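Here's the letter readout for the chains.
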Amino acid sequence: MIARLAALLLLAAGANAAGLDPATLGSPPTDQWPTHHGDYSARRYSPLKQVDEQTVGGLAVAWSARFNDIGAQRGAPSPVVKGTPLMVGGVLYMTLPDFVFAVDAYTGKRLWTYRWTDKGGHLVANRGVGMYRNWLYFMGPDNWVICLDATTGKERWRKEIADARKQYFSTSAPIVAGHHVLVGVGGDAMDIRGFLKSLDPDTGEEQWTFYTTPGAGEPGVETWPDAATSLHGGGGTWMPGSYDPALGLIYWGTGNANPVYAGQGRPGDNLYTASIVALDVETGKLRWHFQPMPHDTHDYDGTEIPVLFDRVVDGKPRKLLAFGARNGWYVTLDRVTGKALVSMPYMDGLRWVKGINPKTREPISDRDNDPKVTGSIGNSNPTNWYNPAYSEISKLFYINTVRGFGIYYLLDTSPKPAGYSGTVAGVGETQRVLLAIDPLTGKHAWEHVYPSVGSAGTTVGPGLMATAGNLVFTGDDQKNLIAYRATDGAILWHYKATANQSNGPISYLLDGKQYVVMAAGDTLYALALPAGRAAAAP
């Protein structure tokens, strides 16, 4: 056993040194899953098709691994795996808040464990690690970026990027783009100023910082009452973004404005909160922006993942970006210019929007729908942090959504509120729906309403993955892991797990066998075809 573990770690070290040159990270993932999205595009698309619409019925658990032995954490009585594992050289690297695990991808056995002792921050989630050659990058909840040796789990360096005493906290998976480790922050309680930071992968030294709210004299500050308000205006960067190496641009979604539910102290659109920003990866300079949620007063955020895809439009090849915002708004943008091809609701009955800017095609939010002391009915979050997907087979964009409403209350009517300054309570029944959207029209190609008795059950993050087998993998709120036919939404397979799916699925080929890995609660499931079926499959 010891010899096998040593061989695996040496294999991983060798593969990492040779196979994780950042220049190769943009390739479609096959025998590894080396970055959060699988590649830079964030399509969460696997080109593997050993498991396809004909063979998926035979998919079975190859192994499972529980991580409940870490015990209760602050604010989290039981661990929930929300991070996306990486798989390189036969080793899976997965996380929980304060923990990194190296796991044998053949068996699920742990190879090493790294534990961080935090001094603050929220332990609500950790989305995973980034990887560069033989090094891993992990974020502690208290805003430390920690670099580990992937072979041994030993710490190489650490760097603090924000002060947890100011209520910054970190959950994101670092993204390695070129010679940059990109890390972001979250936090609402004390009116932070959001930022995205680039660190040197060798040393951790800062390369650049992009602040998501402008300072005095900077473009965009005119959308705030004054610079002082902008400097505490929020705009967290708590989810990973995407990257186009050919354009040298990274694309990031930014969080809600602060104060969260009270907008009277910050009239204006509040750039660049709840926006998509395109930044020069070498300098961090803003190239363009698009704001799907001007003047957010509902905690809708805009931190969903920008998905990059290419299509021919009107006879011309186009570099495009698909984005399903948390507020129910869908856009397809030209990712070179930021101009909108499609800008429209993906969900009926949005109450916060009263029109669309005819010049920019950004929605115009309705102040009459702002939270009130007596309550204001608004849409509950139509989606959240769980990742969407795009299929190169169906050419469709997939997103898990929620139809429902809440009553939004304003708790602080002063001219200068702070923090949350409001709250929301659910009202009526909710319904969870998987949508397949044509990104060139914004129309629904198909939808699947998850059956629930009464109202939708609690879910903690059913991310999506599309594959070349014409499949879409995700989960429902009844503990089922599900495979749909990508083109029409027919359910072809399901497996009853011990909890609801809680992370983004991945897939990779190991010794000729395709694995699909998904997490549900405290357990990681590796799914594959039985040996005979796998060998017979294409």
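Structure first, text after, so check above.
The following paragraphs examine the structure supplied in this document. (Residues numbered from 1 in each chain as written. Predicted model: local features only at pLDDT ≥ 70, side-chain atom pairs only at ≥ 80, totals over all residues. Heavy atoms only, no water.)

### As for the layout of surface pockets
Thought 1: Quantified by volume, the largest pocket comes out at close to 1000 Å³.
Thought 2: Lining the largest pocket we find 44 residues, and of these Asp299, Arg326, Asn381, Asn384 and Trp385 sit closest to its centre.
Thought 3: Here the element with the most residues in the lining of the largest pocket is strand 28 (residues 422–437); it accounts for 6 residues.
Thought 4: Volume-wise, the second largest pocket comes out at about 420 Å³.
Thought 5: Along the wall of the second largest pocket there are 21 residues; nearest its centre are His289, Phe290, Asn357, Thr360 and Glu362.
Thought 6: Among the elements of the structure, strand 18 (286–290) and strand 24 (363–365) are those that each provide at least two residues to the lining of the second largest pocket. (1 Å grid on protein atoms, 1.4 Å probe; cavity = no way out; pocket = protein on both sides within 12 Å on 5 of 7 lines; lining within 4 Å. Points joined across faces, edges and corners; volume = space filled by probe spheres on them. Helix = DSSP H or I, 4+ residues; strand = E, 2+ residues; numbered from the N terminus.)

### Comments concerning the packing of aromatic side chains
Thought 1: Taken as a whole and assessed by the stated rule, the structure comprises 21 aromatic pairs.
Thought 2: Ring centres of tyrosine 261 and tyrosine 408 lie 6.2 Å apart, and the angle between their planes is 55°; on these two criteria the pair is classed as tilted. Separated by 147 residues along the polypeptide, tyrosine 261 in the loop between strand 16 (249–253) and strand 17 (276–280) and tyrosine 408 in strand 27 (residues 397–410) bring together distant segments of the chain.
Thought 3: Ring-pair connections join several aromatic residues into one group, and the members of that group are Phe67, Phe99 and Phe101.
Thought 4: Against the face of tryptophan 385 rests arginine 127, its NZ or CZ located 4.4 Å from the ring centre.
Thought 5: The side chain of arginine 193 reaches across the aromatic face of tyrosine 211, ending 4.1 Å from its centre. (Phe/Tyr/Trp six-rings, centres within 6.5 Å; stacked < 30°, edge-to-face > 60°. Lys NZ or Arg CZ within 6 Å of the ring centre and 35° of its normal.)

### As for the nonpolar core
Thought 1: Of all hydrophobic cores here, the largest spans 40 residues; its most connected members are Leu92, Phe473 and Tyr508.
Thought 2: Sorting the residues of this core by element identifies strand 2 (60–66), strand 4 (91–96), strand 5 (99–104), strand 31 (471–475), strand 32 (480–485), strand 34 (506–510), strand 35 (513–520) and strand 36 (523–528) as the ones contributing at least two each.
Thought 3: With residues near it in sequence (within four places) discarded, leucine 92 still touches Trp63, Pro85, Leu86, Met87, Phe101, Ala102, Val103, Ala105, Ile506, Tyr508 and Leu524.
Thought 4: Within the second largest apolar cluster, 37 residues are counted, among which are Phe323, Leu333, Val342 and Trp352. (Core = buried A, V, L, I, M, F, W, Y, C linked by side-chain atoms within 4.5 Å. Buried < 20%, exposed > 50% of the residue type's maximum accessible area, 1.4 Å probe, protein only. Contact = heavy atoms within 4.5 Å.)

### Quick notes on the pattern of salt bridges
Thought 1: This model, assessed by the stated rule, comprises 19 salt bridges.
Thought 2: Note that aspartate 163 and arginine 165 form a salt bridge whose closest N and O atoms lie 3.1 Å from each other.
Thought 3: The exposure class assigned to arginine 165 is exposed, which follows from its relative accessible area of 68%.
Thought 4: Taking the shortest distance from any N to any O, the salt bridge between aspartate 244 and arginine 335 comes out at 2.8 Å. On the criterion of sequence distance, the pair formed by aspartate 244 in strand 15 (residues 242–244) and arginine 335 in the loop between strand 21 (329–334) and strand 22 (340–345) is long-range, its members being 91 residues apart. Of the two residues, aspartate 244 and arginine 335, neither departs from the other in class, the shared state being buried.
Thought 5: Taken together, the shared-partner salt bridges in this structure form one network comprising Asp39, Arg43, Glu392 and Lys395. (Salt bridge = Lys/Arg side-chain N within 4 Å of Asp/Glu carboxyl O.)

### Topic: a nonpolar patch on the surface
Thought 1: Together, Ile377, Phe405 and Val427 make up a nonpolar patch on the protein surface, roughly 200 Å² of accessible area in all.
Thought 2: In this structure, isoleucine 377 sits in strand 25 (residues 376–379). (Patch = residues over 30% accessible without salt bridge, like charges linked within 9 Å, V, L, I, M, F, W, Y side chains within 5 Å. Areas by Shrake-Rupley, 256 points an atom, 1.4 Å probe, with all protein chains shown as cover.)

### Describing the sheet that holds strand 3 (residues 86–88)
Thought 1: Read from one edge of the open sheet, 4 strands run 3-4-5-6, paired in antiparallel fashion. Because the sheet does not close on itself, it has two edges, and the strands there are strand 3 and strand 6 (110–115). Neighbour-to-neighbour, the strand axes of the sheet open up by a mean angle of 20°, direction not taken into account.
Thought 2: Alignment of strand 3 against strand 4, held across 3 bridges, turns out to be antiparallel. By the bridge assignment for strand 4, methionine 87 is matched with leucine 92. (Pairing = 2+ DSSP bridges. Axes fitted to C-alpha atoms, helices over the stretch in contact; angles between N-to-C directions.)

### Thoughts on unusual backbone geometry
Glycine aside, residues mostly have negative phi angles, and peptide bonds mostly take the trans form.
Thought 1: For the peptide bond that leads from asparagine 258 to proline 259, omega is -5°, which places it in the cis range.
Thought 2: Tracing the backbone shows proline 259 in the loop between strand 16 and strand 17.
Thought 3: Within the chain, arginine 361 stands out as a residue other than glycine whose phi angle is a positive 65°.
Thought 4: By the secondary structure assignment, arginine 361 is in the loop between strand 23 (353–356) and strand 24.
Thought 5: According to the relative accessible area criterion, arginine 361 is partly exposed, its value standing at 32%.
Thought 6: Phi angles above zero are rare outside glycine, and serine 421 is one such case at about 60°.

### A word on empty space enclosed by the protein
Thought 1: What the rule picks out here adds up to 2 cavities of 30 Å³ or more.
Thought 2: Lining the largest cavity, in full, are His36, Arg44, Lys82, Thr84, Arg127, Met239, Trp385, Tyr386, Asn387, Asn503 and Gly504.
Thought 3: Residue classes in the lining of the largest cavity are distributed as 3 nonpolar, 5 polar and 3 charged. (Nonpolar A, V, L, I, M, F, W, Y, C, P; charged D, E, K, R; others polar.)

### Some thoughts on the environment of glycine 178
Thought 1: Within the fold, glycine 178 resides in the loop between strand 11 (175–176) and strand 12 (181–184).
Thought 2: Glycine 178 sits in the partly exposed class, given a relative accessible area of 25%.

### Considerations on the side chain of threonine 35
Thought 1: In this structure, threonine 35 sits in the loop between helix 1 (2–19) and strand 1 (45–46).
Thought 2: When sequence neighbours within four positions are dropped, the list of residues in contact with threonine 35 reads Leu86 and Ile175.

### Comments concerning the sheet that holds strand 33 (residues 491–496)
Thought 1: Pairing within the open sheet is mixed, and its 5 strands lie in the order 1-30-31-32-33. Of all the strands in the sheet, the pair left with one neighbour each is strand 1 and strand 33.
Thought 2: Here 2 bridges tie strand 1 to strand 30 (residues 465–467), and the two strands are oriented parallel to one another. Its bridge partner being in strand 30, serine 46 is matched across the sheet by threonine 467.

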